[in-house]
Amino acid sequence: MLKYLLFDLDNTLYPKSLGIFDLVIERIRNYMEVRMGFDGESSRALRQEYLRKYGSTMRGLMIHHNLDAEDFLEYVHDVGVEKRLSPDPALARLLASLPLAKGIFTSGHRPHALRVLRCLGVEEFFPHIFDITFTRYIPKPNPEPYRQVLAHLRLEGRECMMIEDMPANLKPAKELGMTTVLVGETPGGIAGCIDYEIREIGELRRVFDFIA
């Protein structure tokens, strides 16, 4: 029986087409070049290498380059979400219609999540924000953060649904028994790890109507 809904934040609660996360990626490269002294080619190559190896550029920079994680997080999330997001009454109605506890599970940091939720007008629906500091800077799709979240909630995987825009981040959730929902037009999922696919978050109501 489902008891809890875990929502990813960026490109899940709002459309990927707004380009907010693209700005975050640009800020990551900029941080590596301006603050850390990498040239453009090295920053691009290392970002991809660390993303593949550790799940995030930040994790690799922490391990290999003594990164100040909090300075990095503040810098890369300074993307002016207030200029790109506005209250979303339809999203608020959707969340109000789903009679389960809800939380945000993001590899970003809490201040960014709060800004996004406030801009969308849905902060009240998410009393829990499980961010990258909560997970000790270990990002999705490493399995440890998922276990940490479940332990904090005192729930088993089968009691949770995870809603996320990246198929790779749903694989550990599925392995822990969660119901998984992929949001967005992502070409090709990971075989066996996606229970439901929706084009945008507003279609989540359809999933619940189906499983009810």
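The rules we used
- Residues numbered from 1 in each chain as written.
- Predicted model: local features only at pLDDT ≥ 70, side-chain atom pairs only at ≥ 80, totals over all residues.
- Heavy atoms only, no water.
- Pairing = 2+ DSSP bridges.
- Helix = DSSP H or I, 4+ residues; strand = E, 2+ residues; numbered from the N terminus.
- Axes fitted to C-alpha atoms, helices over the stretch in contact; angles between N-to-C directions.
- Core = buried A, V, L, I, M, F, W, Y, C linked by side-chain atoms within 4.5 Å.
- Buried < 20%, exposed > 50% of the residue type's maximum accessible area, 1.4 Å probe, protein only.
- Contact = heavy atoms within 4.5 Å.
- Salt bridge = Lys/Arg side-chain N within 4 Å of Asp/Glu carboxyl O.
- Parallel < 35°, antiparallel > 145°, perpendicular 65-115°, else oblique.
- Nonpolar A, V, L, I, M, F, W, Y, C, P; charged D, E, K, R; others polar.
- Phe/Tyr/Trp six-rings, centres within 6.5 Å; stacked < 30°, edge-to-face > 60°.
- Right-handed = clockwise from strand over helix to strand, strands pointing away.

A. Just the sheet that holds strand β2 (residues 101-105), in detail. Reading across the sheet, the six strands line up as β3-β2-β1-β4-β5-β6 and stay open at both edges, with parallel pairing between neighbours. Edge positions in the sheet fall to β3 (128-130) and β6 (196-198), since each of these pairs with one other strand and no more. Shown here is a sheet whose adjacent strand axes are inclined to one another by a mean of 20 degrees, direction ignored. Two strands pair when backbone bridges link them, and strand β5 (residues 179-183) and β6 are joined in this way by three bridges, in the parallel orientation. For L182, the partnering residue across the bridge sits in β6 and is E197.

B. Region of the structure containing the nonpolar core. Counting 53 residues, the largest nonpolar core has F7, L13 and L204 as the members making the most contacts within it. Ranked by residue count, the leading element in this core is helix α7 (residues 110-120), at six residues. Leaving out residues up to four positions away in the same chain, L13 has contacts with F7, D8, L91, I104, L117, L120, F126 and I201.

C. Main features of unusual backbone geometry. Between K140 and P141 the backbone carries a cis peptide bond, its omega angle lying at 5 degrees. When you line up the elements, P141 lands in the loop between β3 and α8 (143-153). Unlike most non-glycine residues, N66 shows phi in positive territory, near 55 degrees. Its location among the elements puts N66 in the loop between α3 (57-65) and α4 (69-76). In this structure, R154 is a non-glycine residue whose phi angle is positive, near 55 degrees.

D. View of the pattern of salt bridges. Scanning the model with the defined rule gives 12 salt bridges in all. In this structure, K140 and D8 form a salt bridge, with 3.0 Å as the shortest nitrogen-oxygen distance. Within this pair, whereas K140 is found in the loop between β3 and α8, its partner D8 is found in the loop between β1 (4-7) and α1 (20-34), the two being separated by 132 residues in sequence. Relative accessible area serves as the criterion here: at 4%, K140 is assigned to the buried category.

E. Looking closely at the packing of helix α2 (residues 40-54) against α3. At their nearest, the axes of α2 and α3 sit 7 Å apart, and the two run at 95 degrees to each other. The orientation of α2 with respect to α3, classified from their angle, is roughly perpendicular. Seen from α2, the contacting residues are L46, R47, Y50, L51 and Y54; seen from α3, they are T57, R59, G60, L61, I63, H64 and H65. Among the residues forming the contact of α2 with α3, the class breakdown is six nonpolar, four polar and two charged.

F. How the structure looks around the environment of G108. Position of G108 among the secondary structure elements: in the loop between β2 and α7. Placed 29 residues apart in sequence, G108 and Y137 show a C-alpha to C-alpha distance of 9.5 Å. Setting aside its immediate chain neighbours within four residues, G108 contacts H77, D131 and I132.

G. Structural view of the packing of aromatic side chains. Going through the model one piece at a time under the given rule, you end up with seven aromatic pairs. Judged by centre distance (5.2 Å) and plane angle (70 degrees), the rings of Y31 and Y75 are edge-to-face. Here the residue Y31 occupies a position in helix α1, and Y75 occupies one in helix α4, the gap between them amounting to 44 residues. On the basis of relative accessible area, Y75 is assigned to the buried category, the value being 12%.

H. Representation of the pairing of β5 within the structure. Burial within β5 is extensive, with five of its five residues counted as buried. A two-sided burial pattern is seen for β5, the buried positions comprising T179, V181 and V183 on one face and T180 and L182 on the other. As a crossover connection, the stretch from strand β4 (residues 160-164) through helix α9 (residues 167-175) into β5 is right-handed.

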